[in-house]
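If you want the building blocks of each chain, they are given just below.
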Amino acid sequence: MAGPNDTMQISAAGLRAQAARMRIISENIANADSTARTPGGDPYRRQIPVFEAELDRVTGANTVRMTDAVDDMSAFKMEYNPGHPAADEQGYVRTTNVQSLVEMMDMREAMRTYEANLNMIENHRRMMDRTLDLLRR
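Residues numbered from 1 in each chain as written. Predicted model: local features only at pLDDT ≥ 70, side-chain atom pairs only at ≥ 80, totals over all residues. Heavy atoms only, no water.

**Q** Which residues make up the environment of Arg21, and what values do they have?
**A** Within the secondary structure layout, Arg21 lies in helix H1 (residues 4–30). Here Arg21 falls in the buried class, since its relative accessible area comes to 11%. Note: C-alpha distance between Arg21 and Val50 (29 residues apart in sequence) is 8.8 Å. With sequence-adjacent residues up to four places away left out, Arg21 is seen in contact with Pro49, Phe51, Met66, Asp106, Glu109 and Ala110. (Helix = DSSP H or I, 4+ residues; strand = E, 2+ residues; numbered from the N terminus. Buried < 20%, exposed > 50% of the residue type's maximum accessible area, 1.4 Å probe, protein only. Contact = heavy atoms within 4.5 Å.)

See the structure below:
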């Protein structure tokens, strides 16, 4: 059973994981319009955060952390633009595999999860304050 400090540790780990996730998503969004720099070259490749359950040895609570960001190996889009400096012999330019709509949905989910963890910390703090008030009476 989770103790009072375990709740804070679990929620704090969730905050850190979702903040890291939002950084990866932000990088993806920032590169959503990138193209290859050289003819036939590869543009920015979408990154996917990897999470792992982790046992907090001090509290014994299970938490989560982002351990890595891996390349999304889905295909690049091809755009016909023969005047582009990175166009191949057929006039096609490779563009990133980032889909802005998917990234925005992921960002919204990460923000909501972040907010839920933040609310848990706030509720925990209020409950502890209320408990102290009751003990003082």
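There is more to say, and it comes next.
**Q** So what about the pattern of salt bridges? Which residues, and what values?
**A** In total, this model carries ten salt bridges according to the counting rule given. For the salt bridge of Arg46 with Glu103, the shortest nitrogen-to-oxygen distance reads 2.3 Å. With a gap of 57 residues between them, Arg46 in the loop between H1 and strand S1 (47–55) and Glu103 in helix H2 (residues 100–136) connect regions that are remote in the sequence. Neither residue differs from the other here; Arg46 and Glu103 are each classed as buried. (Salt bridge = Lys/Arg side-chain N within 4 Å of Asp/Glu carboxyl O.)

**Q** Any details on the side chain of Thr63? Residues and values, ideally.
**A** With respect to the secondary-structure elements, Thr63 resides in strand S2 (residues 62–71). Contacts of Thr63, omitting those with residues within four sequence positions, involve Gln9, Ile10, Ala13, Glu52, Ala53 and Glu54.

**Q** Before we move on, could you go through a nonpolar patch on the surface and cite the residues and values that matter?
**A** Among the surface-exposed residues, Met78, Tyr80 and Tyr92 lie close enough to one another that they form a single nonpolar patch of about 340 Å² accessible area. Positionally, Met78 belongs in strand S3 (residues 77–80). The exposure class of Met78 is partly exposed, given its relative accessible area of 45%. (Patch = residues over 30% accessible without salt bridge, like charges linked within 9 Å, V, L, I, M, F, W, Y side chains within 5 Å. Areas by Shrake-Rupley, 256 points an atom, 1.4 Å probe, with all protein chains shown as cover.)

**Q** Explain the environment of Asn31 to me, and be specific about the residues and the numbers.
**A** Among the secondary structure elements, Asn31 is positioned in the loop between H1 and S1. A relative accessible area of 23% means that Asn31 is categorised as partly exposed. Separated by 47 residues in the primary sequence, Asn31 and Met78 place their C-alpha atoms 16 Å from one another. Within the structure, Asn31 has its side chain in polar contact with the backbone oxygen of Glu27 (distance 2.8 Å). (Polar contact = N/O pair within 3.5 Å; in protein donor to acceptor, adjacent residues only side chain to side chain.)

Any functional reading would require information beyond the geometric quantities listed.
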